[in-house]
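What the coordinates show
Here are the chains, one letter per residue:
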Amino acid sequence: MRKKNPDISAASSANPYFTPQAIDFLRKLKRNNRREWFEARRDVYEGELKQPMLALVSRLMQGMTEYAPDHLRPPQKCLLRIYRDTRFSADKTPYKTQVAAWWTRNGLEKTSGSGYYLHLTATELIIAAGVYMPPKEQLFAIRQYLLEHHAEFRRLIESRKLRAKMTIHDAQALTRPPKGFCSEHPAIEWIKWRQWGVIATLPATEALKPKLPATVEEHFRLAAPLVDFLNEPLLHAAGKKKKPLFALY
């Protein structure tokens, strides 16, 4: 019998899928992105969006014990805040117009690493996995890893089963090879990428179906080998940063 992870508990009594009222709320939030409007309808957000998302996250993590055990976290820690950080943005609207969740890899919480992502807007359901907007040291670690492991990366990123369901996320590729990397290397096109991941864009109506957990899990399972591959160099780099404490004698 599989041992239950203590972090996976019933996060909510809500169903792990959404209602038309959730879509309606997100549609109206886009037109009325103001604190007074949101606060007057906070109960709708809590009941129709936050609680179903927590229930969905909790349900998905039951399956993750098999294919992504290092990504298990309390559901509340996976749910992303709906509040926008407007400190350095010209756009001062206070709320995001999607409800989202992100499963980072344990041990890489501070820098995120390669993980699993899900969000719902009024028009689309996004299911994605990989490394997004990594910091400079992670960019370098993945590029170095691709020098020796490009054949495995090709097998993963070009998997027919994976690509039948997901496409390559915007790689934001450089126009030239990064400094220190040979332009003739067989992996140079992937080395020029600045983020590595896959994505599926589905109609928002898919989030209203009881089979939503199965739909998301199917995509996550297909992407799991790629997620694990991308985390290998990041975990190695993180380990090198941890220096042992030596006695002063």
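Residues numbered from 1 in each chain as written. Predicted model: local features only at pLDDT ≥ 70, side-chain atom pairs only at ≥ 80, totals over all residues. Heavy atoms only, no water.

This part takes up the confidence of the model for the protein chain. For the protein chain, the mean per-residue pLDDT works out to 92, and 91% of the residues sit at or above 70. Segment residues 1–10 is flagged for pLDDT under 50; beyond a separation of four residues in sequence, or across chains, it makes 16 contacts in the model. Predicted confidence for residues 244–249 stays below pLDDT 50, and this span has zero contacts to residues more than four positions away or in other chains. (pLDDT = per-residue confidence, 0-100. Contact = heavy atoms within 4.5 Å.)

A few words on the pairing of strand β1 (residues 99–103). Of all five residues in β1, five are buried; the element is thus mostly enclosed. Judged by which residues are buried, β1 turns out to be covered on both faces: V99, A101 and W103 on one side and A100 and W102 on the other are all buried. Where β1 lies against strand β2 (residues 115–120), five bridges are found, and the strand directions are antiparallel. The partner of W103 across the bridge, within β2, is Y116. (Buried < 20%, exposed > 50% of the residue type's maximum accessible area, 1.4 Å probe, protein only. Helix = DSSP H or I, 4+ residues; strand = E, 2+ residues; numbered from the N terminus. Pairing = 2+ DSSP bridges.)

Take the environment of F38 next. You can see F38 is positioned in helix α2 (residues 35–40). Placed 161 residues apart in sequence, F38 and I199 show a C-alpha to C-alpha distance of 30 Å.

Taken together, the five strands give an open sheet; going across it, the order is β1-β2-β3-β5-β4, and neighbouring strands pair in antiparallel fashion. Each edge of the sheet is formed by a strand with only one pairing partner; in this case those strands are β1 and β4 (167–168). As paired elements, strand β3 (residues 124–131) and strand β5 (residues 196–203) share eight bridges and run antiparallel to each other. Opposite I126, over in β5, you have T201 as the bridge partner. Against the sheet, helix α3 (residues 42–67) makes contact with β1 and β2, and its axis sits at roughly 25° relative to β1, the strand it touches most. Running at roughly 60° to β5, helix α5 (residues 136–157) makes contact with β3, β4 and β5 of the sheet. (Axes fitted to C-alpha atoms, helices over the stretch in contact; angles between N-to-C directions.)

Residue M133 is not a glycine yet carries a positive backbone phi of 50°. Among the secondary structure elements, M133 is positioned in the loop between β3 and α5. Positive phi outside glycine occurs at Q172, with the angle close to 50°. Tracing the sequence through the fold places Q172 in the loop between β4 and α7 (188–191).

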